[in-house]
Amino acid sequence: MFDRQFLRQVFAKIDPHLAQPVLVVQHMPVGFTEEFARSLDKICPLEVKEAADGDIVKPGRVLIAPGDRHLCVEKKSLAAVARLSDAPPENGHRPSADVLFASAAKAFQNRVLGVIMTGMGRDGARELGSIYREGGITLGQDEASSVVYGMPKVAFEMGHVTEQVSLNSMADRISELAREYR
């Protein structure tokens, strides 16, 4: 879960050779996520698009959850695919980071890097723990660089954050970890 401005900062600096897919939940209303994805695509060295049901979850692609739809991952025999859902909101949100984190942990077990960044509330904090318990790596934005140290604070207090990282270091740390776990 990310703040829009912070996402721009992170994705502008992400490794252009990132060999993993990236899935993003941003609490935005319907109609805004498609344009947001297009704006990120202009500054990010990876392909960025609003997720569509059945999109292939592939290396070097960033899928943004559409407004008012949950984004999940379904692992098939040949590839993982994005699944969109109209299930009820979780933590008052649709899309919900908890829904995405739970499905990613189930699909990829210990081969997931979960990141939770600045934002109000607790969405994502509970199911970041699913990634952590499966042996994945979990990053939380640190308090000093957060505008609102809500979601990362809750996740940290629950013991679900492997490492706290500043906003200025987030892209480098994500890229470094992705290289280590190819």
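Residues numbered from 1 in each chain as written. Predicted model: local features only at pLDDT ≥ 70, side-chain atom pairs only at ≥ 80, totals over all residues. Heavy atoms only, no water.

1. A word on the overall build of the chain
The cut-off we apply is this: Put simply, DSSP H or I for four residues or longer makes a helix, DSSP E for two residues or longer makes a strand, and each gets a number counted from the N terminus. C-alpha atoms define the radius of gyration, and 2.2 Å times the number of residues to the power 0.38 defines the globule rule. Categorising residues by exposure relies on relative accessible area from a 1.4 Å probe, with only protein chains included: less than 20% of the type maximum marks a residue as buried, more than 50% marks it as exposed, and the intermediate range marks it as partly exposed.
Regarding its fold elements, the chain presents six helices and nine strands. Taking 16 Å as the expected radius of gyration for a compact globule of 182 residues, we find that the chain reaches 15 Å, a close match to that expectation. Projected onto its principal axes, the C-alpha positions of the chain cover 35 × 35 × 30 Å. Across the 182 residues that make up the chain, the buried fraction comes to 51%.

2. Points about the side chain of His 70
Cut-off, in case you're wondering: Counted as a polar contact is a pair of N or O atoms within 3.5 Å, where, for protein atoms, one must be capable of donating a hydrogen and the other of accepting one, and residues adjacent in sequence contribute only when both atoms are in side chains.
Position of His 70 among the secondary structure elements: in strand β5 (residues 70-75). A polar contact is formed between the side chain of His 70 and the backbone oxygen of Ala 87, at a distance of 3.4 Å. A distance of 3.3 Å separates a polar side-chain atom of His 70 from the backbone nitrogen of Ser 96.

3. Details of the sheet that holds strand β6 (residues 80-85)
Defined as follows: For two strands to count as paired, DSSP must find a minimum of two bridges between them. Note on definitions: a residue-residue contact is assigned when non-hydrogen atoms from the two residues lie within 4.5 Å. Note on definitions: angles span 0 to 180 degrees between N-to-C directions of axes, and those axes are lines fitted to C-alpha atoms, for helices only across the stretch in contact.
Reading across from one edge, β3-β6-β5 is the order of the three strands in this open sheet, with antiparallel pairing throughout. Each edge of the open sheet carries a strand with a single partner, namely β3 (56-57) and β5. In the packing of helix α3 (residues 97-108) onto the sheet, contacts are made with β5 and β6, and the angle to β5 comes to roughly 5°.

4. Let's talk about helix α2 (residues 33-43)
Owing to its 3.6 residues per turn, the α-helix brings residues three or four apart onto one side. Counted only if it meets this: Relevant arc is that of directions from the helix axis to the C-beta atoms, nothing else.
If you check which residues of α2 are buried, you get Thr 33, Phe 36, Ala 37, Ser 39 and Leu 40. Buried residues in α2, looked at end-on, bunch into an arc of 165°, giving them a common side. In this fold, the buried residues of α2 make contact with α1 (4-12), β2 (47-50) and β4 (61-64).

5. A look at the sheet that holds strand β7 (residues 113-116)
The parallel open sheet is built from three strands, whose spatial order is β7-β8-β9. What marks the edges here is a single partner per strand, and that holds for β7 and β9 (163-165). On average, each strand axis in the sheet is inclined to that of its neighbour by 25°, with strand direction left out of account. Across four bridges, β7 lies against strand β8 (residues 137-141) in parallel orientation. Across the sheet, Leu 113 pairs through a bridge with Ile 137, a residue of β8. Contacting β7, β8 and β9, helix α6 (residues 167-180) crosses the sheet at an angle of about 170° to β8.

6. Details of the nonpolar core
Proteins that are soluble and globular tend to have nonpolar side chains buried together. The cut-off we apply is this: Each nonpolar core is a collection of buried residues, namely Ala, Val, Leu, Ile, Met, Phe, Trp, Tyr and Cys, held together in the definition by side-chain atoms within 4.5 Å.
Core analysis: the biggest nonpolar cluster contains 28 residues, and Phe 11, Val 62, Ile 64, Leu 139 and Met 170 have the highest contact counts within it. Of all the elements in the fold, those that place two or more residues in this core are α1, β1 (22-24), α2, β4, β8 and α6. Of all the elements, α6 adds the most residues to this core, at six residues. Counting residues in hydrophobic clusters, the runner-up holds 25 residues, among them Val 25, Val 57, Leu 63 and Ala 65.

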